[in-house]
Amino acid sequence: QVQLVESGGGLVQAGGSLRLSCAASGSTRGISDMGWYRQAPGKQRELVATIRSGGTINYVDSVKGRFTISRDNAKNTVYLQMNSLKPEDTAVYYCHAEWFQLYDYWGQGTQVTVSS
């Protein structure tokens, strides 16, 4: 079992920045990929960024150049630095971890609201 706890969401004006953190606990040795997804009202959950245990990173096109994902394996924590935020970035952001490439774990979600 893996538990994921997110923090760092909030309300920010367009053009501002936020940093999300997600700390994993429990059976963390089995974690491979970690990442962030988001879900806006009335929309499906979408991938924002992922980082593999070896360091390979992937971003959705809409956040490239503005968001940066990073990972501290010693702390079992993944971060999402979000700069130049836009109103369309408003969503609930969920942390994700893949465990032994078999199971998916999700955090409870953290709200990010960007005002225009």
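Our structure is the block above this text.
Residues numbered from 1 in each chain as written. Predicted model: local features only at pLDDT ≥ 70, side-chain atom pairs only at ≥ 80, totals over all residues. Heavy atoms only, no water.

1. Quick notes on the pairing of strand β4 (residues 31-39)
Logical step 1: With respect to burial, β4 is a largely interior element, 7 of its 9 residues being buried.
Logical step 2: Where β4 meets strand β9 (residues 91-99), 7 bridges bridge the pair, whose relative direction is antiparallel. If you follow Arg38 over to β9, its bridge partner there is Tyr93.
Logical step 3: Both β4 and strand β5 (residues 46-51) contribute to a ladder of 5 bridges, which runs antiparallel. The residue bridging Tyr37 from the neighbouring strand is Leu47, located in β5. (Buried < 20%, exposed > 50% of the residue type's maximum accessible area, 1.4 Å probe, protein only. Helix = DSSP H or I, 4+ residues; strand = E, 2+ residues; numbered from the N terminus. Pairing = 2+ DSSP bridges.)

2. Let's talk about the pattern of salt bridges
Logical step 1: On inspection of all chains with the given rule, the structure shows 5 salt bridges.
Logical step 2: Across the pair Asp89 and Arg38 runs a salt bridge, and its minimum N-O distance is 3.0 Å. In this pair, Asp89 is assigned in the loop between β8 (77-82) and β9 and Arg38 in strand β4, connecting sequence segments 51 residues apart. Here Asp89 matches Arg38 in class, with each residue buried.
Logical step 3: Asp89 serves as the salt-bridge partner of Arg66, at 2.8 Å between the closest nitrogen and oxygen. Here Arg66 is found in the loop between β6 (57-59) and β7 (67-72), whereas its partner Asp89 is found in the loop between β8 and β9, with 23 residues between them in sequence. (Salt bridge = Lys/Arg side-chain N within 4 Å of Asp/Glu carboxyl O.)

3. Quick notes on the sheet that holds strand β1 (residues 2-7)
Logical step 1: Pairing within the open sheet is antiparallel, and its 4 strands lie in the order β1-β3-β8-β7. Only two strands of the sheet have a single neighbouring strand rather than two, namely β1 and β7. Averaged over all pairs of adjacent strands, the angle between strand axes in this sheet comes to 15 degrees, irrespective of strand direction.
Logical step 2: Pairing of strand β3 (residues 18-26) with β8 involves 6 bridges; the strand directions are antiparallel. Residue pairing across strands places Ser21 opposite Tyr79, the latter belonging to β8. (Axes fitted to C-alpha atoms, helices over the stretch in contact; angles between N-to-C directions.)

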